[in-house]
Amino acid sequence: MLGLCGQRLPAAWVLLLLPFLPLLLPAAPAPHRASYKPVIVVHGLFDSSYSFRHLLEYINETHPGTVVTVLDLFDGRESLRPLWEQVQGFREAVVPIMAKAPQGVHLICYSQGGLVCRALLSVMDDHNVDSFISLSSPQMGQYGDTDYLKWLFPTSMRSNLYRICYSPWGQEFSICNYWHDPHHDDLYLNASSFLALINGERDHPNATEWRKNFLRVGHLVLIGGPDDGVITPWQSSFFGFYDANETVLEMEEQLVYLRDSFGLKTLLARGAIVRCPMAGISHTAWHSNRTLYETCIEPWLS
């Protein structure tokens, strides 16, 4: 090309050079695509990280590059440890993940893990959770005869389990921390060392601060369904629960909502609560059902 400066190139030369123009011009910057927020997964009773291999696969397919951490703590029988002990352990695990994600994180918390996560959001004054996805979790408690219960307390039925769960010894088991007997409400309120506290049903010095912390969440996504077979009543996944006659009262009829004791009413008023009921899914299939993932989980993994 030397000696051509200041001279007009013949038209034929221009045509010959056209294919090479992209090589001669500076490259345009690649379009910037914002990365997805990290996802933290917390398992349920008698579970482990292995149970979430399908969920991990779905996230990797639909949101490639997402950093997903399935916390491998309190697996198997260790999940029976008192829930406040588990909250402390999971808190130590999520703090460094959140610290590396100034844009925020998403929580997917299954079954009993949903209660662990709700407690985390209450006690952490610096959490940066965008979406808290509660996957078939007994958010208003459990009152039902299940295989888990029969294995743990083989001589007890739901009608008399309060005698164990509402004792200091019983509160050493995670399942008793959210056992909610609608026929013994006074005993529940006095003895529950976990659920009654995070629900704000019993006065404690941290109630105001916990409510403020919980309201930092961007979205609360509630998932459950009538064919769950474990969560009893299944509406507990949506903050519904039995009254003394075992008639299910929906979230908006619960005292914790009417009093806005930990922020439910405020979240609903600002449009931050999403309810995603789905029939035909049993309790152990929530984290492996592709349709459920695409309908209720994937839209909230920004």
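I will try to describe carefully the structure that is included in this document. Note that this is a predicted model, so its numbers are computed, not measured. (Residues numbered from 1 in each chain as written. Predicted model: local features only at pLDDT ≥ 70, side-chain atom pairs only at ≥ 80, totals over all residues. Heavy atoms only, no water.)

With that settled, the discussion passes to the state of the cysteines. Counting across every chain of the model gives 3 disulfides. The disulfide partner of C109 is C117, and the gap between their sulfur atoms is 2.0 Å. Every disulfide takes its handedness from the sign of the S-S torsion; for C109 and C117 that torsion is -85 degrees, giving left-handed. C109 sits in the buried class, given a relative accessible area of 0%. Between the sulfur atoms of C276 and its disulfide mate C296 the distance is 1.8 Å. Measuring handedness by torsion sign, the sulfur bridge of C276 and C296 sits at about -60 degrees and is left-handed. With a gap of 20 residues between them, C276 in strand β8 (residues 273-277) and C296 in helix α14 (residues 290-297) connect regions that are remote in the sequence. Each member of the pair C276 and C296 is classed as buried. Ordinal numbering of bonded cysteines along the protein chain defines a disulfide pattern of 1-2, 3-4, 5-6. (Disulfide = S-S within 2.5 Å. Buried < 20%, exposed > 50% of the residue type's maximum accessible area, 1.4 Å probe, protein only. Helix = DSSP H or I, 4+ residues; strand = E, 2+ residues; numbered from the N terminus.)

As a further point, take the side chain of S167. Tracing the backbone shows S167 in the loop between α7 (162-165) and α8 (174-177). For S167, the side chain forms a polar contact with the main-chain oxygen of I164, separated by 2.6 Å. Looking at S167, its side chain comes within polar contact range of the main-chain nitrogen of G170, at 3.0 Å. (Polar contact = N/O pair within 3.5 Å; in protein donor to acceptor, adjacent residues only side chain to side chain.)

The subject of this paragraph is the pairing of strand β1 (residues 39-42). Every second residue of β1 is oriented toward a common face, with V39 and V41 on one face and I40 and V42 on the other, all of them buried. Assessed by its sense of winding, the connection that carries the chain from β1 through helix α3 (residues 53-62) to strand β2 (residues 68-70) is right-handed. Pairing of β1 with strand β3 (residues 105-110), which is carried by 4 bridges, proceeds in the parallel orientation. Following the sheet pairing, V42 is matched in β3 by C109. (Right-handed = clockwise from strand over helix to strand, strands pointing away. Pairing = 2+ DSSP bridges.)

Quick look at helix α5 (residues 112-123) now. Counting along an α-helix, one turn takes 3.6 residues, and residues three or four places apart therefore face a common direction. In this model, α5 (12 residues) spans 17 Å end to end at C-alpha, consistent with the 16 Å of a helix rising 1.5 Å per residue. Taken across its 12 residues, α5 has 12 buried, putting it largely inside the fold. Turning to α5, its buried residues number three or more, namely Q112, G113, G114, L115, V116, C117, R118, A119, L120, L121, S122 and V123. (Expected span 1.5 Å × (residues − 1).)

Right, let's get into the packing of α5 against helix α11 (residues 207-214). Between α5 and α11, the shortest axis-to-axis distance is 6 Å and the interhelical angle comes to 110 degrees. Taken as axis vectors, α5 and α11 run roughly perpendicular relative to one another. Mapping the contact onto sequence places R118, L121, S122 and V123 in α5 and E209, W210, N213 and F214 in α11. Within the contact of α5 with α11, the residues separate by chemical class into 4 nonpolar, 2 polar and 2 charged. (Axes fitted to C-alpha atoms, helices over the stretch in contact; angles between N-to-C directions. Parallel < 35°, antiparallel > 145°, perpendicular 65-115°, else oblique. Contact = heavy atoms within 4.5 Å. Nonpolar A, V, L, I, M, F, W, Y, C, P; charged D, E, K, R; others polar.)

It is worth spelling out the sheet that holds β3 at this point. Across the sheet, which stays open at both edges, the 6 strands sit in the order β2-β1-β3-β4-β5-β8 with parallel pairing between neighbours. Of all strands in the sheet, those with a lone pairing partner are β2 and β8, marking the two edges. The average angle at which neighbouring strand axes cross in this sheet is 15 degrees, direction not considered. Two strands pair when backbone bridges link them, and strand β4 (residues 129-135) and strand β5 (residues 219-224) are joined in this way by 5 bridges, in the parallel orientation.

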